Amino acid sequence: MRNTGEGVSLLFVLRAALFAALASTAVFCAEPAKESTANSPKVTAVIQITHDGISKANLVSDESNLYVTESPAFGHLVTKLSLRNAERVVISGAFPDVQALDISSDRTKLLVSRLQGAAGENEFWTLPINAGLPQRLADSTGRYATWSPDNKRLAFVKGSTIFLANADGSAARELYTANGSVFSPRFSPDGKHIRFSIGNTVQNTTSIWEVGINGSHSHAVLEGWEHASAACCGNWTANGAYYIFQVTQTSLSNLTTLWAIADPNSSGKATPLQLTKGPISFGNALPSRDNRRVWALGVQPTGEAVRYDPGQQKFIPLLSGVSATDLDYSADGKWVTYISVPDGVLWRCKADGTEKLQLTSPPERAALPHWSPLGDRIAYVSFRPDKPSQIYLVSLSGGDAQAILPEKRGQIDANWSSDGTRIMFGYLHDAEDLNIEILDLKSRKTNVVPGSRNLFSPRWSPDGRYVAALSPDFTKVLLFDYKTNKWSVWLSEPAGGVSYPVWSADSKYIYFDDLVSDEESIRRIKVGENRAERVFKLEGIERYPGPFGLWSGRMGDGSWMFVRDRSTQEVYQLTLELP
């Protein structure tokens, strides 16, 4: 039931390895972080280079041109983008599906991978930039690869293992095996170390590690740093003085920021310093050889709310022209409330999109709104600076919203009783003293659901008889029956297998979005049974990775709602001052 406040899935974090996850191209703030000083690294200017809206990844440069992996309607190709006049030329016509990984030190050929066959078993090739034929690198296969600065060695990744080989891919040997999926390997400028990222699916984290080219002294680079578990995907500056990497903050904003850390060999133990802080997110940073610029990818975030039509097997847009997530329709179907993307503002309007009214304003960010049974109020989760999340109520006609029960724990998951007089809620997974409570809105008194200690993400059945909740290890759905006053294990699934659950109107089933078990699908489980069945397989949609993962919801008629990712990635150039 990992849908609310339990962190963004690793799917999103690994996606950030290829491009920044959330951005707005309207404004840029190059303001340094609070800890920055006059002698700290900082961004002084930003220029947007591309404006085509094509999905992009894997920036490579020869200083005159950028080589960008693009994903148009289908497949992947490599294009050469002139830094002088932004002229774009496709150079990967020899292969139908290819991505750029690195460039040779003499700037004459690209290291690319052919995307074919089983995942992680891509062939590595060299692709001449100007003239010549592509050449296969021995029989090595993997997912990520990079050359050493002197072009004498090749490091490549297969699953959790880093291999080291000759530059042509021959004589490969295992160098290091990590506890997690390895990606984004890069040699240090002196060629003595390899720095890489590790993704841990179970813990939903990424981290940056380093190992010597002889396999010695493997260690986490940012050990003990507050953002170490959300960092990945870095590159050294050419002089080796700094390592520039990205951090994806799994908060309501999903902001991806760039950071710089000085080489500890020259400055002792260094503290990372923030280069960007929003509102644009940046990722996939590539420093220039003159140490004065960084090229990076940004995203214009747009989420299109859609309804799935099982008869046509199509996704039909809702709320035309609105970038939104977290939709909820009133019981009579006349009104809908939603959260705008990317600013996190709560809105309501008629079901046909008319009579829009903004209900909250920044810096507050809203999430997971739900109409009262009478359709006169909306309960939502409010995230305000330096305060724990709280559940607020706001009127259909707007006005000041009120917290239902101010406290220091982070509240989430508002569930209305059928008569609208009570609200059941839970707490963020990392809150102290987890339990599930019910607030009487008239008396302002709360009652704890019996036996709910250490449970979270509650779902109250429409008839009021049952409460479904999740175990602390994310693997069990438990069911409380008010008739017996007892909890029982209802369903056991892999961690993350139950996302955005919702009861059926007759309280006989819970439906949920399964993102990790076999194929992505909507499944359901019936009260009294302990095995879930598939309702339909989810195909033909690229979903928007919101702050709480891939959102889904159910309309009053049983139709499913999703958010299609309409975001576009662009290339930016950031001018740096690096002391």
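What you see is a predicted model, and the numbers here were worked out from it, not measured in a lab.

Engineer: Sorry, what's going on with the environment of E570 here?
Structural biologist: Along the chain, the position of E570 falls in strand β48 (residues 568-577). The exposure class of E570 is buried, given its relative accessible area of 6%. When the C-alpha positions of E570 and S55 are compared, they lie 7.6 Å apart, and in sequence the two are 515 residues distant. Non-local contacts of E570, meaning those with residues more than four positions away in its chain, are made with Q48, T50, H51, D52, G53, K56, A296, L297 and G298. Side-chain polar atoms of E570 contact the backbone nitrogen of G53, separated by 2.6 Å. A distance of 3.3 Å separates a polar atom in the side chain of E570 from a polar atom in the side chain of K56.

Engineer: I tried to follow the pattern of salt bridges on my own but got confused; where do I start?
Structural biologist: For side chains of opposite charge, pairing can occur when their charged atoms come near one another. On inspection of all chains with the given rule, the structure shows 24 salt bridges. Note that K56 and E570 form a salt bridge whose closest N and O atoms lie 3.3 Å from each other. Taken together, the residues K56 in strand β2 (residues 55-61) and E570 in strand β48 connect sequence positions 514 residues apart. Judged by relative accessible area, which is 2%, K56 ranks as buried. Here R459 makes a salt bridge to D413, at a shortest N to O gap of 3.4 Å. Placement of the pair is R459 in strand β38 (residues 456-460) and D413 in strand β34 (residues 411-416), with a sequence separation of 46 residues. Take R459: its relative accessible area is 11%, and that puts it in the buried class. When salt bridges that share partners are traced, they join D52, K56 and E570 into one network.

Engineer: What's the story with the pairing of strand β27 (residues 335-340) in this structure? I'm lost.
Structural biologist: Regular strands have side chains that alternate between both faces of the sheet. With respect to burial, β27 is a largely interior element, six of its six residues being buried. The alternating pattern of β27 places W335, T337 and I339 on one face and V336, Y338 and S340 on the opposite face, and all of these are buried. The pairing of strand β26 (residues 324-329) with β27 spans four bridges and is classified as antiparallel. Opposite T325, over in β27, you have I339 as the bridge partner. In this antiparallel pair of consecutive strands, β26 and β27, the connection spans five residues, and G333 shows a positive phi of 75°. Bridge analysis of β27 against strand β28 (residues 346-350) gives five bridges, and the strand direction is antiparallel. Note on β28: the bridge partner recorded for I339 is L346.

Engineer: Sorry, what's going on with the sheet that holds strand β45 (residues 533-537) here?
Structural biologist: Each strand in a sheet pairs with another by means of backbone hydrogen bonds, the pair being arranged parallel or else antiparallel. The antiparallel open sheet is built from four strands, whose spatial order is β42-β43-β44-β45. In the strand order of this sheet, the two ends are held by β42 (499-503) and β45, each with one partner. Neighbour-to-neighbour, the strand axes of this sheet turn through a mean angle of 25°, independent of strand direction. Strand direction decides the pairing type here: strand β44 (residues 521-526) and β45, joined by four bridges, are antiparallel. Across the sheet, the residue bridging to R524 is E533, located in β45.

Engineer: Where do I start with empty space enclosed by the protein in this structure?
Structural biologist: In this approach, a probe sized like a water molecule rolls over the atoms, and the result shows the empty space that is left. Applying the stated criterion to the full structure yields three cavities of 30 Å³ or more. Lining of the second largest cavity is provided by T325, D326, Y500, Y544, G546, P547, F548, G549, W551 and V563. Class assignment of the residues belonging to the lining of the second largest cavity gives a composition of six nonpolar, three polar and one charged.

Engineer: Looking at this structure, I do not really get the confidence of the model for the protein. What am I missing?
Structural biologist: Detailed reading of the predicted coordinates is not advisable wherever pLDDT falls low. Model confidence for the protein is summarised by a mean pLDDT of 88, while 90% of its residues fall at 70 or above. Low pLDDT, under 50, characterises residues 1-36; the predicted model gives this stretch 136 contacts beyond four residues in sequence or across chains.

Engineer: I'm lost on the pairing of strand β47 (residues 560-565) in this one. Help?
Structural biologist: In terms of burial, β47 is a largely internal element, six of the six residues being buried. Judged by which residues are buried, β47 turns out to be covered on both faces: W560, F562 and R564 on one side and M561, V563 and D565 on the other are all buried. Note: strand β24 (residues 303-309) against β47, six bridges, orientation antiparallel. Paired with Y308 across the two strands is W560, which belongs to β47. Where strand β46 (residues 552-554) meets β47, three bridges bridge the pair, whose relative direction is antiparallel. For G553, the partnering residue across the bridge sits in β47 and is M561. Between β46 and β47, which pair antiparallel one after the other, the connecting turn spans five residues, and G558 there sits at a positive phi close to 90°.

Engineer: Help me understand the sheet that holds β48 in this model?
Structural biologist: Pairing is antiparallel across the open sheet formed by four strands, whose spatial order is β1-β48-β23-β22. Of all strands in the sheet, those bounded by a partner on one side alone are β1 (42-48) and β22 (283-287). Across the sheet, the axes of successive neighbouring strands diverge by a mean angle of 30°, strand direction being ignored. Two elements, β1 and β48, share six bridges in a ladder whose sense is antiparallel. Residue pairing across strands places A45 opposite T575, the latter belonging to β48.

Reading guide: rules and limits
- Residues numbered from 1 in each chain as written.
- Predicted model: local features only at pLDDT ≥ 70, side-chain atom pairs only at ≥ 80, totals over all residues.
- Heavy atoms only, no water.
- Helix = DSSP H or I, 4+ residues; strand = E, 2+ residues; numbered from the N terminus.
- Buried < 20%, exposed > 50% of the residue type's maximum accessible area, 1.4 Å probe, protein only.
- Contact = heavy atoms within 4.5 Å.
- Polar contact = N/O pair within 3.5 Å; in protein donor to acceptor, adjacent residues only side chain to side chain.
- Salt bridge = Lys/Arg side-chain N within 4 Å of Asp/Glu carboxyl O.
- Pairing = 2+ DSSP bridges.
- Axes fitted to C-alpha atoms, helices over the stretch in contact; angles between N-to-C directions.
- 1 Å grid on protein atoms, 1.4 Å probe; cavity = no way out; pocket = protein on both sides within 12 Å on 5 of 7 lines; lining within 4 Å.
- Points joined across faces, edges and corners; volume = space filled by probe spheres on them.
- Nonpolar A, V, L, I, M, F, W, Y, C, P; charged D, E, K, R; others polar.
- pLDDT = per-residue confidence, 0-100.

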